[in-house]
Amino acid sequence: MSVGSTGAPEVPAAGGEQWPRPIRPTGPANNPRAMYRLGQVLLPNPAYRTVARALEAHPRAEAAFTAVERRVKERIFGCQMCGQCTLPATGYACPMTCPKQLRNGPCGGVSQTGGCEVFPDRQCVWVTAHDRAASAGHGDDLAKLQRPVDYREFGKSSWVNYWQCRDDDLWTDGDGLARQYSVRPPA
Amino acid sequence: MIDLPESGGTGALAAALRAGHFAATAEIGPPRGANAEVVRRKAALLAGHVDAANITDNPSGFIRLSSLAGCVIAQAGGVEAVVQLTCRDRNRIALQSDLIGAGALGIPNVLLLTGDHPRFGDHPDAKPVFDLDGVQLTWTARELRDEGRLLSGRELTARPRWLIGAVENPFAPPREFRARRLGKKVAVGAQFVQTQFVFDVAGFADWMKQVRDLGLHERCGILAGVGPLRSLRALQHVSNDVPGVYVPDDVGRRLRAVPEDRIADAGVDLCVETIQQIREIPGVAGVHVMAFGYERGIPEILERAGVGPRTRVSAVAGRGDEHAR
């Protein structure tokens, strides 16, 4: 909030690479209505649950499945493999591609043109999320309260988690933290 | 008048909000060094003129004396403190620990922010943490205070009693979502909010209308961020280097139109007028003055805007020894 002093020493990033690595979601994600329809197809059901259980029982199959999931979602959404996918509640714009990985909406640093605070030439992921969700009639989704990420799930398949309904408490409509604790209790 | 539960808010800021007095907070920029005297001096300048003063948390990622330490020094200097905690540098373990620590030190207010990215600070090589976001941190704080529990569910041996504050930027896209984003913070426990600099009063009034439509002003004290632009360099800095600040063209035109030796005064005049206009907007509970390096001018700005010490004294009446704590 405050006006910091000027005169920061320039510390170049090693190797001249842009850091943090910017992510460019592409392709089908830009058609939100299609994404919401696909989301319906992927909703948990007994068949998917059986598949997910079988995958977890066979580590090599699960690894292969997870690799495919990573490949597909990385290409379309810039997926970071957090293992607790919130795409259906964020207009199919992945909040983990935000340099601050904010899951509850944009930070205060978005420029007047909608540019990211960290990558000014790139649109803020939450501006994208807002546009996509609103255009598909899902604008209210962004008001959902997103619980903190469980870092133990990173690198795991979010579909395997989702189909077994482990993601049911990722977000809530009310101020539900009072009844349901944000961090899952240790298994 | 804002409906604040008894569980939190034992200080002058909470009292002013509860009583419906137009509140004033200000910002103390801590020094880049281990000199308590700087904070003490700035606190002395503000004592009696504001309800509380924030000690910033490494603003824009530039390292300064810590907010928690600054708060202890400022309170000893006679001004009620607001400790700032950003998600930039601490994970959920450190954040909860600092929140509990602030409670034990008797700091009556916390301000919880996501924080700027370290990339533009003086340690761009630092690891950005952002384990929680501003909404989740506010949620966590309410859980600590009102349920007496950590995020893990473990119980605290004693509950902190601070008032929970948050921030919002009414001017950043997506603008239609900004009041609702504040709504999320209020839903999870924010009791006061300090906004980004308001230079566009009309835009702020639009946002306030949405805030009123959602009824947020009844549960959360809305403090409008203001500050004097005392040079063209400051105008340039705030417009270009501080993420998310919107300065409409007419502000720049007005400052450029006066002779160079009058710009500082013109900037202060503009700040005073802004406060006066903001006071007229329904639902605004107060102002938050950010004047880094010009803390000495804050009492005069408030007084000229009609938010002088006399208003403060009436707000303090009946609060007994709380103020001196």
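Before reading further, recall that the structure is shown in the block above.
What counts and what doesn't
- Residues numbered from 1 in each chain as written.
- Chains lettered and ligands numbered in written order.
- Predicted model: local features only at pLDDT ≥ 70, side-chain atom pairs only at ≥ 80, totals over all residues.
- Heavy atoms only, no water.
- Buried < 20%, exposed > 50% of the residue type's maximum accessible area, 1.4 Å probe, protein only.
- Helix = DSSP H or I, 4+ residues; strand = E, 2+ residues; numbered from the N terminus.
- Pairing = 2+ DSSP bridges.
- Contact = heavy atoms within 4.5 Å.
- Buried area = accessible area lost by both parts, 1.4 Å probe.
- Salt bridge = Lys/Arg side-chain N within 4 Å of Asp/Glu carboxyl O.
- Polar contact = N/O pair within 3.5 Å; in protein donor to acceptor, adjacent residues only side chain to side chain.
- Nonpolar A, V, L, I, M, F, W, Y, C, P; charged D, E, K, R; others polar.

J.: Tell me about the pairing of strand 5 (residues 163–168) of chain B, and name the residues and values.
T.: Strand residues, when the strand is regular, have side chains that alternate between the two faces of the sheet. Residues and elements named next belong to chain B. Judged by how many residues are buried, strand 5 sits mostly within the fold: six of six residues are covered. On strand 5, burial covers both faces: Leu163, Gly165 and Val167 on one face and Ile164, Ala166 and Glu168 on the other are all buried. Bridge count for strand 4 (residues 109–113) against strand 5 is four bridges, and the pairing is parallel. Bridge pairing in strand 5 places valine 110 opposite isoleucine 164.

J.: Describe unusual backbone geometry, listing the residues and the values that go with them.
T.: The linkage connecting B:Pro173 with the following residue, B:Pro174, adopts the cis geometry, with an omega of -10 degrees. Tracing the sequence through the fold places B:Pro174 in the loop between strand 5 and helix 6 (175–187). Here the phi dihedral of A:Tyr92 falls at roughly 55 degrees; this positive angle occurs in a residue that is not glycine. Here A:Tyr92 shows up in the loop between helix 3 (59–77) and helix 4 (125–135). Not every positive phi belongs to a glycine, and B:Ser60 is a case in point at roughly 55 degrees. By secondary structure assignment, the location of B:Ser60 is in the loop between strand 2 (52–55) and helix 3 (67–76).

J.: Account for the interface of chain A and chain B, naming residues and giving values.
T.: Facing 50 residues of chain A, the contacting portion of chain B comprises 63 residues. Interface area for chain A against chain B, summed over the two sides, is near 4,800 Å², with a carbon-plus-sulfur share of 59%. At the boundary of chain A and chain B, one finds one salt bridge. With a closest N to O distance of 3.1 Å, A:Asp140 and B:Arg180 form a salt bridge. For the pair chain A and chain B, the interface holds 17 residue pairs in polar contact (both at pLDDT 80 or more). Those elements that place two or more of their residues in the side of chain A that touches chain B are helix 4 and strand 1 (145–146) of chain A. Sorting elements by how many residues they give to the side of chain A that touches chain B places helix 4 of chain A first, with three residues. When its residues are assigned to classes, the side of chain A that touches chain B shows 26 nonpolar, 17 polar and seven charged.

Read these as geometric descriptors, not functional statements.
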